[in-house]
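Take a look at the letters that make up each chain.
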Amino acid sequence: MPLTFSSVSASRGDVHRGVESGSALKDSRFPPMTRDELPRLFCSVSLLTNFEDVCDYMDWEVGVHGIRIEFINEKGSKRTATYLPEVAKEQGWDHIQTIDSLLRKGGYKAPITNEFRKTIKLTRYRSEKMTMSYTEYLAHRQHHHFQNGIGHPLPPYNHYS
């Protein structure tokens, strides 16, 4: 069975339902895609591996580890946030900038102190990333359609119909 944030949390008695689909389908930071954008579309999937709980919030390497933090916000609620391994490196952030950005991403609004950072529970992980263009996806889909013994071409995938 693959290990995910949900399975890690479930093993600790803390199940987060719908987090994955909510992230994928209901992210208000981005407008919906249009049909005209499909030919320029690339999709990446990151397989998260090697989850390790660490005692020190600085015990991870920029560009190597993704991190997930868990903390208690100023209202007493448990909150979480994560960045994939490439995020901090792409942004040019160091450890502190990454942690502080994650705290804000997770909804922490109070001033961030070094003492507060020390209360964070941090899980580091690694990632294997695969990327495919829409054109590659269509070719792959067509190839597997013919391999399965169906002799006519598939129509293009049309999410919008």
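Residues numbered from 1 in each chain as written. Predicted model: local features only at pLDDT ≥ 70, side-chain atom pairs only at ≥ 80, totals over all residues. Heavy atoms only, no water.

Section: the overall build of the protein
1) Next: Along its length, the protein carries 6 helices and 4 strands.
2) Next: Traced from its N-terminal end to its C-terminal end, the protein shows the element sequence α-α-β-β-β-α-α-α-β-α.
3) Next: Put simply, the protein has 161 residues, and 30% of those count as buried.
4) Next: Sequence-distant contacts in the protein: of pairs separated by 6 or more residues, those separated by 24 or more amount to 66%. (Helix = DSSP H or I, 4+ residues; strand = E, 2+ residues; numbered from the N terminus. Buried < 20%, exposed > 50% of the residue type's maximum accessible area, 1.4 Å probe, protein only. Contact = heavy atoms within 4.5 Å.)

Some words on unusual backbone geometry
When glycine is set aside, most residues are seen to have a negative phi, and most peptide bonds are trans.
1) Next: The backbone of Asn50 shows a phi angle near 55°, a positive value even though the residue is not glycine.
2) Next: One can find Asn50 in strand β1 (residues 42-54).

As for the packing of aromatic side chains
Remark: the centre distance and the inter-plane angle together describe each pair of aromatic rings, the angle taken between the planes.
1) Next: Under the definition given, this model contains 6 aromatic pairs.
2) Next: By way of ring pairs, the aromatic residues Phe71, Tyr108 and Phe116 are connected into one cluster. (Phe/Tyr/Trp six-rings, centres within 6.5 Å; stacked < 30°, edge-to-face > 60°.)

Things to note about the environment of Pro85
1) Next: Residue position: Pro85 is located in helix α3 (residues 85-91).
2) Next: Each C-alpha atom, one on Pro85 and one on Ser127, is 6.8 Å from the other, the two residues being 42 residues apart in sequence.
3) Next: Excluding anything up to four places from it in sequence, Pro85 contacts Gly63, Val64, His65, Gly66, Tyr125, Arg126 and Ser127.

Regarding the confidence of the model for the protein
1) Next: Overall, the prediction assigns the protein a mean pLDDT of 82, with 73% of residues at 70 or greater.
2) Next: Low confidence marks residues 12-21, where pLDDT is under 50. Its contacts with residues over four positions away, or in another chain, come to 11 contacts.
3) Next: With pLDDT under 50 throughout, residues 157-161 is counted as low confidence; its partners more than four residues away or in other chains account for 9 contacts. (pLDDT = per-residue confidence, 0-100.)

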